[in-house]
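Results of the structural survey
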Amino acid sequence: IPATPAAEARTTCPYCGVGCGVLARVAADGEVTVRGDPDHPANFGRLCSKGAALGETTGHDGRLLAPEIGGRAASWNAALDVVARRFRETIDRHGPDSVAFYVSGQLLTEDYYVANKLMKGFIGSGNIDTNSRLCMASSVAGHRRAFGEDIVPGIYADLEEADLVVLTGSNAAWCHPVLYQRLLAAREERGTRIVVVDPRRTATADECDLHLAIEPGTDVLLFNGLLAHIAEGRALDRDFVASATSGFAEAVAAASAEASSPADVAAGCGLAEADVRLFYELFAATERSVTVYSQGVNQSAHGTDKVNAIINCHLATGRIGRPGMGPFSVTGQPNAMGGREVGGLANQLAAHMGFEQPADVDRVGRFWNAAGIARHAGLKAVDMFRAAGDGRVKALWIMGTNPAVSMPDAGRVRAALKACEFVVVSDVTRTDTTLHADVLLPAAAWGEKSGTVTNSERRLSRQRAFLQPAGSARADWRIICDVARRMGYADAFAFEGPAAIFREHAALSAYENDGERLFDIGALAGLDDAGYERFEPAFWPQQPGEGAGRLLGDGRFPTADGRARFVAVRQEGVALAVDGQRPIALNTGRSRDQWHTMTRTGRVPRLMANTPEPTLEIAPQDARREGLADGDLAHVSSRYGFVRAKVSISARQKPGSAFLPMHWSGQFAANAGAGSLATPTTDPFSGQPELKNVPVRIVRE
Ligand code: SF4
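Residues numbered from 1 in each chain as written. Predicted model: local features only at pLDDT ≥ 70, side-chain atom pairs only at ≥ 80, totals over all residues.

Under an unreviewed UniProt entry, the name given to the protein is Assimilatory nitrate reductase catalytic subunit, and the source organism is Aurantimonas endophytica. One UniProt comment on the protein, placed under Sequence similarities (unreviewed entry), says "Belongs to the prokaryotic molybdopterin-containing oxidoreductase family. NasA/NapA/NarB subfamily." (UniProt positions renumbered as here; feature names shortened; annotations may be inferred.)

When you go through the protein residue by residue, the secondary structure sums to 25 helices and 26 strands. In terms of overall size, the protein behaves like a compact globule, its C-alpha atoms giving a radius of gyration of 24 Å where 701 residues would be expected to give roughly 27 Å. Out of the 701 residues in the protein, the part that is buried amounts to 61%. (Helix = DSSP H or I, 4+ residues; strand = E, 2+ residues; numbered from the N terminus. Rg over C-alpha atoms; globule rule 2.2 N^0.38 Å. Buried ≥ 20, exposed ≤ 12 C-beta atoms within 10 Å, placed from the backbone.)

Strand order in this open sheet of five strands is E10-E9-E8-E12-E13, and the pairing throughout is parallel. The sheet is open, and its two edges are formed by strand E10 (210–212) and strand E13 (326–329), each paired on a single side. In this sheet, neighbouring strand axes are inclined to one another by 15° on average, regardless of whether the strands run parallel or antiparallel. Bridging between strand E9 (residues 193–197) and E10 involves three bridges; their strand directions are parallel. Considered in E10, the bridge of Val-196 is made with His-211. (Pairing = 2+ DSSP bridges. Axes fitted to C-alpha atoms, helices over the stretch in contact; angles between N-to-C directions.)

A separate point is the site of the ligand. What surrounds the ligand is a group of 14 residues, the closest being Cys-13, Cys-16, Cys-20, Cys-48 and Gly-51. If you list the elements that add at least two residues to the shell around the ligand, you get helix H1 (49–52) and helix H7 (177–190). Partitioning the shell around the ligand into residue classes produces nine nonpolar, four polar and one charged. (Near = placed C-beta within 6 Å. Nonpolar A, V, L, I, M, F, W, Y, C, P; charged D, E, K, R; others polar.)

Further remarks concern the sheet that holds strand E4 (residues 68–69). The seven strands are arranged E5-E4-E16-E15-E14-E6-E7 in an open sheet whose pairing can be described as mixed. Looking at the sheet topology across the chains shown, the edges are occupied by strand E5 (72–73) and strand E7 (128–130). Strand direction decides the pairing type here: strand E14 (residues 395–399) and strand E15 (residues 422–427), joined by five bridges, are parallel. Within the sheet, the bridge partner assigned to Ile-398 lies in E15 and is Val-425. Across the sheet, helix H2 (residues 76–94) is in contact with E4, strand E6 (99–103), E14, E15 and strand E16 (439–442); its angle to E16 comes to roughly 130°. (Contact = placed C-beta atoms within 7 Å.)

All right, on to the domain arrangement of the protein then. Once the domains are mapped, the protein shows domain 1 (68–134 + 335–444 + 475–539), domain 2 (137–330) and domain 3 (584–700). For domain 1 and domain 3, the distance between their C-alpha centroids amounts to 31 Å. Taken together, the contact between domain 1 and domain 3 spans 15 residues of the former and 20 residues of the latter. For the side of domain 1 that touches domain 3, the secondary-structure elements that each account for two or more residues are helix H19 (403–406) and helix H20 (410–419). When the residues that make up the side of domain 1 that touches domain 3 are grouped by side-chain class, the tally is six nonpolar, five polar and four charged. (Domains from an automatic or database assignment.)

For the pair H2 and helix H21 (residues 476–486), the least separation of the axes is 9 Å and the interaxial angle reads 60°. As summarised for this structure, H2 and H21 are arranged oblique, according to the angle between their axes. When you trace H2 past H21, the crossing you get is right-handed. On H21, the residues touching Leu-80, Asp-81, Val-83 and Ala-84 of H2 are Asp-482, Val-483 and Arg-486. Looking at the contact of H2 with H21 residue by residue, the classes come out as four nonpolar, no polar and three charged. (Parallel < 35°, antiparallel > 145°, perpendicular 65-115°, else oblique. Left-handed = near helix turned anticlockwise from the far one by under 90°.)

Right, let's get into the nonpolar core. The tendency in soluble globular proteins is for nonpolar side chains to be buried as a group. If you look at the biggest cluster of nonpolar residues, it comprises 122 residues, and the most contacted ones within it are Ala-115, Leu-396 and Val-636. Element by element, the count of residues in this core is highest for helix H3 (residues 109–123), at eight residues. Counting 100 residues, the second-largest nonpolar core is a separate cluster that includes Tyr-15, Leu-167, Leu-179 and Val-290. (Core = buried A, V, L, I, M, F, W, Y, C linked by C-beta atoms within 7 Å.)

Within the secondary structure, Met-487 sits in the loop between H21 and helix H22 (498–510). Residue classification places Met-487 among the partly exposed positions, given that 18 C-beta atoms sit within 10 Å. Along the backbone, Met-487 and Arg-86 are 401 residues apart, and their C-alpha atoms lie at a distance of 9.8 Å. Dropping the residues within four chain positions of it, Met-487 is found in contact with Ala-84, Phe-87 and Arg-88.

Turning next to the pairing of E16. Along E16, one buried face is formed by Val-439 and Leu-441 and the opposite face, lined by Leu-440 and Pro-442, is buried too. As paired elements, E4 and E16 share two bridges and run antiparallel to each other. Bridge pairing in E16 links Glu-68 to Leu-440. Relative to E16, E15 runs parallel, the two being bridged by four bridges. Looking across to E16, one finds that Ser-426 is bridged to Leu-441.

Right, let's get into unusual backbone geometry. The residue Asn-369 is not glycine, and still its phi comes out positive at about 55°. The residue Asn-369 is located in the loop between helix H17 (358–368) and helix H18 (381–390) in this model. Judged by local crowding, Asn-369 falls into the exposed class, with 11 C-beta atoms found within 10 Å. Here Arg-458, not a glycine, exhibits a phi torsion of approximately 65°, which is positive. Residue Arg-458 is classed as buried on the basis of its C-beta count, with 22 C-beta atoms lying within 10 Å.

Structure representation (structure tokens):
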């Protein structure tokens, strides 16, 4: 890679699931400047504040520059030998399920592919899970229940072609800014109505036509009421329901039993009845409706049911698979979708195949020539760290993520990392998690590594290297393959580069696939290295064309009978309710200018200037009751831990609720981070934890 490329490098932003194209240039003095790629179909040249500051994050400040063993610098050979030997010894002594990988939506698809192949194919355990479990696992589970496949039917253009966009559990203005800008620009043209469903008055809610500030955990009730309303009115698409779906009567019966009228729903959701009626009438009257959902829906002990409650409404109206219509999950991370494609989740196998069908396991085993392939799902994130804490998992490799801060009940996660016999961390910078590493491996960062990512609309794009790796940092795929070879799997991991890995990944998606499996990018298996280098953003499966038809638009779904499934869901509430001891429901989420645990954005002064310290937003009534003033230091405690944060009194918060950004940790404040407070209770279908609703007590420090 030339230190100073002659032209701008075409790459993609490493932050959110919008997946914006970025043009990066390195000046003679090493300064990196970026601009939005005008030809990338996700952003058409736009970038948000985080993306626009990418050039300021490529310095070597805080970077890991060399491997370490036991806190001392070591050679790559020595470090890789130790990792391979300790994993081999642990497996030989305790079996394949005694080891685990915890990976990240920051990995590129090629990194994910080889990590999954090593763990599931050759170590023979399902124990590889990803921090995407904290992000969109409930959407995956909801899609599979409804469509028979983890498929997002919509594309970004649908938000521009809709007349109504419902954003539920999504502060898109801050979390998916460029997609939100596209929506606002389209609204100027066509007068799109925007409804926001969120307990908090967010920046997104500021711009909407109707804000439904529901009580936390009442989403299912709201959408069940909508389904009951649709079932009684003209918006019901009887032909579509009869020809393309199953389970309608049961879903409507369940919905009507608890949401028989807008008045019931309003009372249960803490809303004005007139607002509920307005929403239902608006949705019923607007054929081109898109419902966008994100972490506010997914990060819940009942997130999968919430997803299905939303999808039910689109199935009942037949508003799916057509321009400007459909349910639309937007992911938090740049490659959450790519990870799903190659089996980054413990309950998936590879190429969208799973463990449920023995034929799938056999097929992948044949393709990989892996006789000892895992035959059952592995531990999901929360359970994986429990197992590390109680000794069932004895060797753990964490790649590109910071669970010591981001996991719920993070204090217990840190204790688990201390207790675990052998912890490997490969990452770009030092984090709260790297403190616990027995072996530390420096990974190549954005700008230094090459591969592909898949954004929220299922569009594959390239990330391209344009910088030399810092110090002796190496690409994740290479580190994983080097360990695999040392463990005795040289033939299966003899990849020369990410292009070769991508070709194998594409070939697996087409292997013994006569069209019965939707995920098929086999046409890309023939890309040579030059073709891979030139690769232009592309959908999988190929869309018929923006503005024309859409995936699933033919009314055929990838279920056994070809029909989409309504799912009968009931309102279950929150995992933990507030009580006299902890009377405030704490919501967690993102700030506009920060990314995850700030390992990258926290190093950019102009991004830090907006919110330089962790700030707790609290309603005026609650602040008065606790004697808190603006700027006070608050002590926020849940049954799992506590943090300190500066008080910001805000009428945006409903009385009885508060908000704390998820980003800060011991690195940037004398704090353990919001994850320390959150409950590890998980959704029974997806395993996703409830990060959004934490009963807390807030007092002046
Ligand atoms: Fe990056 Fe997301 Fe901002 Fe686009 S919207 S520049 S992908 S953070």
